[in-house]
Each structure stands twice: as structure tokens, then as C-alpha cells.
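Chain and residue survey
Residue-level listing of the chains:
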Amino acid sequence: MSRSLHRCFGLIATVLLTVVALSGAALSIFPAAEALTTPAAQRISVAELAMRVQASEPTVEQIRRAPSGRITAYYYEGDQPASAVIDPATGQPVGSAGTSELERWLINLHRSLFLDDPGRFITAGSAAVVLALAISGLLLMARRAGGWRSVLTSVRGYGDGRLHAVVSRLALPGLVLSALTAFWMTAAVFGLLPEGANAPAFPANVSGKTGVALTSVALLQETMVDDLLSLNFPATGDSTDVFTLKITGGEAYIDQGNGALLAWSDAGRVDKLTRLITMLHTGRGVAWLGLILGFSALAVPVLGWTGLIVWLRRRRNPKAASVAADEADTILLVGSENGTTWGFANTLQTALSAQGLCVHVGPMSNFEPAHWPKARRVILFAATYGDGMAPAASKEFVERFERVPAMPGLPLAVLGFGDRSFPAFCGFATEIARIAEDKGWAVLSPFDTVDRQSPQDFARWGRRLAETLGLVFELNHQPTAPKTWRLPVISRRDYGASVQAPTAILRFALPKISLWQRLTGNGFSRFEAGDLVGIVPQGSDLPRFYSLASGMKDGFLEICVRKQVGGLCSNQLTALEPGATIAAFVRPNPAFRPARGRKPVILICAGAGIGPLAGFARGNRGCRPMHLYFGTRHPASDALYAEELSNWNKDGRLTSVSTAFSRTANPAYVQDILCKDAEHIGKLIAAGGQVLICGSRDMAEAVATVLADILAPQGFNLALLKANGRYAEDVY
């Protein structure tokens, strides 16, 4: 529904919205120019300003102050009315107050399309269309991202479709603000708002005198120019007329003979709100906001064009793109941590669409069988993150899947993606398949797995699926190479050579990113300690991932690498010298980082696994309780980050540091120092503490055994901690 609404409104209104948006963008320049040319403000009273202006222009009838601070006086030159911008310091005219022909032309085009009142209704309608497009577009963003929590994550896709999504995300706040304020201003123009309802009645009794000295009028002396809206002078020779003062707080009538306050009323809420909304919409008084809205308006023709191109492409080949879930006969849902599984989904979608099927592709968070009236089959691509964990965006899927009853006539297939070197290979997908079997879902294709993104495994599964569907297709998946950046080495520190465990801490400079790349989401991804850097070694297209020991705020990218016998990437990395470069990209790893808040964090690592944990300590500027347990070989050879750990312990970023050395006279491993500190660790866990472990799989298993023994007497277990996000591993 939201997609159809979005498409219809967009196609109908593209030309009109482009005209209104471009004229609005052009008009946003004038408030900025006005702000730059307005004489400097003076901290003076309205009485002082009026005296200066009156001394310069004796025939002055009105003084106005614009939201930008510009003072304009209206007076006569002979018998002809005139106006000028006034320098409040002297009261002298400093420039013309008239609107240029170009600005007047743009205003008429923007407000009414040169059609007077009918045109105003049309432009108000365009604001309604913008709002409808914004709302429907926001719903589409959330749905494609897998929920509102993920709406600001990186935009998937390519070409015009991706450009459309990126630009709309940037322009959305400005367009919504412009549309909402336009509605209010239209209502004000047509008298639909109770403006001026609080205006005081014109006084029936006045002194009948004239010529009061402005300095003796108390209200004018007390009111500063910053609060002035307008001051109207009495008509010359009319002793029954009065001064009319309008300020931000209200409106007053003042006797021109004795300066007495004849009437006063506070400004109404509607009047105050109208002034605020007019300022927000036009940018007069907040020129920077006007320019932002102008840039947002420039996005409209871009969105119109890219939206039209995408629509035409789908019209020419409607089966080639993902269709709406309520129109699809095949539902393909994806749970992916790093996004690579989406590429496999696109390959399957293309193959099935070519066979005449209507395929909807979406995230697992969109699992809603009750909303799929035409669905004939469901396929789940479930990637397992780490050792059996669900991707961050799919953590709630299992709970939802368990609540939904099996749908008769809707068979289901589960394909797992993972790394067979992990004990819980495809653990997330296996759990889904088990639940499906227990709940009685019909099987579309037997549960299967893909190891390390193997195209061969995927093709094998595809042949079985084609046979089941009675179709003929082959899944020839070609992995899309990630965009990489050249990162130069700026420093290296070497450890472990004497204990046959060469290890290096490598620090890389961040690439230089243009403003346009940042705005369009094409820059180097932001990262935190614990995220992953993918490094593509020479001689291979398959990236190797290393945990980051730094965050973007640190201004560099750092990793800790141990040289592995026969390791292609580790051997190349540990041979790098300052000035050399690598091809790399960043992938988020949200499941492995300290949780928000002030609860204690227990950091456990061995060897090069200290990398991301050192990054957590470095970033702990708020000094939340962090306790590090670090195992390595020898203090003289591979005490990684020894100086930093000491400094962080002193300045409070690390509450405690416990180390174990396995190649000394009294050898010990990290699990040994955990046992010695069992009572303290138990108290930390009882206080809501979180455990983060990084290192080899063997070390992680030994640590898990020790921790299970420590926690058992307190009624805790590792499975419960994992389920609550309080126990996470980054193992290799």
C-alpha cells in the first residue's frame, strides 16, 4: 500500500513539485543575503531608534523590524511614499527596502504559480503531496531496513535506486518541515486562523494633544529594539490618532500628547506561532535554516527523476524487481549481519523472476504470513554471526517465528549461511529449521547450508529447489566485490619474535573523504572498536577480517595481527612497513561491544585478541568499570599494549588489569587468573556486568568452562547471559 501510494503521488506531482521546490530553493538565498547586508544591531530602546529615524526623516509613518534584524522606515519624499533600510546607529537610510523584480517574480511563482488564490490552493496541495511522499517513503525505508531501529543504517542497492534512497534520507527532514509550515501559512493567508483575536480596541478617549517627546514615553523607553515588530506614528495633524506599538509580547496604543498607555493586550498564541512558522518556512531570521531547506528542495527534482527511472525500469520488466509482499507468490526473507547474504538473495530472485514467479525480498523482521494473501512458498536465508548467533537485525525473529502458527499450504525452506570452522556452524539457521519442524511447517526444500559463501554450495541447493518447483534454472552466484579503500600504514610495533609468535600492532591512516561522499553515504564507513576490517590480500579475492582496536573518533584504524604459518593475509600484513598500503573496508560488528550504561565490563583475551579490548579501554573516557584479564607468553617479548594498559589503569579507563604469562618460571593462563579472582568476577556479574571475550577458540572454550563454574553457585549460566546480551565472543 505504501509503495503504491508513494509511486502514484510521485508520478502525478513531479513537475509541479519541481517548480515549487526550485523556486523555493532560489528564494532561500535572499534571507541569507539580507542577513549579510543588514546593519549591525544596536542595543538601544525603541524610543531612541524612533528619535534617530524621526530626526533623519521627519515624515516617518512607520518603523518595522524584520526577523533578520533589518530596520525599515516608511516615510514621504515630497508627496510620494518612500521606504529605506535604516542604520539603527544613526537613523540614516543605507539602502533601498524594496523587493527586487526577480524576488517578487519568484515569490509569485512559489506561492501561487501566478494564478492568485487558485494557485495558492494548488501549491498547498503540493505541500500535501510532499508530506504524503515523505510519510510513505519513510515507511518504505523502515520496511527495507528491517524496522525503525535500523532505518539509519547503510543503504543497500546500487544505481538510481540507491541514489533515490540516499538523497531522500538526507532531504526528508527539510521537506517535512517545509510542507507542514506551508499548510499553516496557507491557512493564515485565507483567514482560517484566529490571528489578531487579542488585538486591543482602539481607544475612544485620548488627550487631544500632540507632540509628546519620545524619550518621555515609558513603554518606548523600556522596550528594546530586539523586541520590536513595528511602530506606527500618529497621522500628522490628527490629534485623535495614537502611536501603535507591536512587539513580540503584545500590542499597545499610546497617547501622542502625554505618552500614556491607552490600551494593551498580550500577543495571542496563534500570532506567536504564525510568526515562528513564517520564520521557519522562509528562513528570514534563521538564514542558515533557510539554506538547509533550500538544499532539501533541490533534492525534489533529483528524487523525481530517479523515481521515474526506477518506475520505468520496473514497468519494462516487472518481474525483475522485488514486488510488494501482498502481491508476491514467493516470499524470500534474509537475515544477514554483514550484508553478503543479500547478494545470494538477489541471485535467487533474478532466477525465479525469470521463470515467471513474483518474488518479494525483504528482511526477516518482515515475517508476517497473515499479510501474504498470494504467497505459495517462503524461503528463509539465515546467516549465522560468530559462533551460532543471530544477526543483530534478526535477533527477534526466532521469538516471532515461535509465536506464528504454521500456515497450511505455505511450505517453507531454510538455507543457512555460515563458517564451518565454528562449532555452532549455521546455528541460527539450524534453530529456525528446528522450530519449523516442531510447529509443523510444510517443507519446501530440505534444510541445507552454505559454507563460507560458497557459490558451489549455493548452486547445489538451487538445483534441488528447481527440481522441487518443477522449473529449470541454475544459480550462478557471482559475489560482488566490496568497495575497498587504500589505507597507508603510519606505524607498527612488533612483539613475540623470541617466543615464536610474531605479532604486530599496525596503525593505518584513514582515507580522505569528500563532503559529497559523506552526504551520499559513499564514504569510508564509520566504525567503533570491535567492528571488523576486511582486508583483501594480494593473490586472493576473498577478504580476511580482523577486529578493530580503534574507533573512528581516534582518528586512525588499528589492528593487532599474529603471523600464522601459511597465512596469506597475516604474512602480508606483518611484512608491511610505514608508507605501504592495504585494500580494506569496514564491516559493523554490533554484537561485540560494551553495552550502553555504567554496568561493569569484564574483558578477557589472550594474545592478539587484546586488540578490540584495548580499543574498548581506549574509548572508555567516561571511566565506567572495566576489568581486563589478559593472557600472553612472556612479559619481555609479547606484552602487547603494556604501556597503554598501565596508563589506562592509572587514569581510570581500566579499573583493574590482571595478566598471565605462559612462558615464565611460573606459567599461567588467562583461565588461571580468572579462577583466582572468582569471587570478584561473581560479584561483577551479579551487579549486571557484561563479559566480552576475544582470542582463539580453544581459549574461549577454556574460559567458558571456568566462568560456568564461577557462576553456577550464584544461579547464573552462560546461555542466560548470552540471551541477555551480557556474554559475547569474538573468536577465531
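Now for a description of the structure that goes with this document.

Quick notes on the overall build of the protein chain
- In terms of helices and strands, the protein chain carries 21 helices and 24 strands.
- Here the protein chain has a C-alpha radius of gyration of 35 Å; the compact-globule value for 732 residues is 27 Å, and the former is much larger.
- For the protein chain, buried positions account for 49% of its 732 residues.
- Considering only contacts within the protein chain whose residues lie at least 6 apart along the sequence, 71% involve residues at least 24 apart.
- Of the roughly 34,900 Å² of accessible surface on the protein chain, a fraction of 56% belongs to carbon and sulfur atoms.
- Computing the positive centroid from 69 side-chain charges and the negative centroid from 59, the protein chain places the two 6 Å apart.

Some thoughts on the sheet that holds strand 13 (residues 443-451)
- Strand order in this open sheet of 5 strands is 10-9-11-12-13, and the pairing throughout is parallel. Each edge of the sheet is formed by a strand with only one pairing partner; in this case those strands are strand 10 (359-363) and strand 13. Between one strand axis and the next, the sheet turns through 15 degrees on average, direction left out of account.
- Sheet topology note: the strand 11 (residues 377-383)/strand 12 (residues 412-418) ladder contains 6 bridges and is parallel.

Points about the packing of aromatic side chains
- Using the criterion set out here, one finds 21 aromatic pairs in the structure.
- Aromatic pair Trp-105 and Phe-114: ring centres 5.5 Å apart, planes at 45 degrees, arrangement tilted.
- Between the aromatic rings of Phe-381 and Phe-458, the centroid separation amounts to 5.9 Å while the plane-to-plane angle is 80 degrees, which identifies the pairing as edge-to-face. Of this pair, Phe-381 sits in strand 11 while Phe-458 sits in helix 13 (residues 455-469), and the two are 77 residues apart along the sequence.
- Ring-pair connections join several aromatic residues into one group, and the members of that group are Phe-344, Phe-381, Phe-417, Phe-458 and Trp-461.
- Sitting over the ring of Phe-556, Arg-507 keeps its end group 3.7 Å from the ring centre.

Criteria and thresholds
Residues numbered from 1 in each chain as written. Predicted model: local features only at pLDDT ≥ 70, side-chain atom pairs only at ≥ 80, totals over all residues. Heavy atoms only, no water. Helix = DSSP H or I, 4+ residues; strand = E, 2+ residues; numbered from the N terminus. Rg over C-alpha atoms; globule rule 2.2 N^0.38 Å. Buried < 20%, exposed > 50% of the residue type's maximum accessible area, 1.4 Å probe, protein only. Contact = heavy atoms within 4.5 Å. Areas by Shrake-Rupley, 256 points an atom, 1.4 Å probe, with all protein chains shown as cover. Lys, Arg positive; Asp, Glu negative; His and termini not counted. Charge placed at Lys NZ, Arg CZ, Asp CG, Glu CD. Pairing = 2+ DSSP bridges. Axes fitted to C-alpha atoms, helices over the stretch in contact; angles between N-to-C directions. Phe/Tyr/Trp six-rings, centres within 6.5 Å; stacked < 30°, edge-to-face > 60°. Lys NZ or Arg CZ within 6 Å of the ring centre and 35° of its normal.

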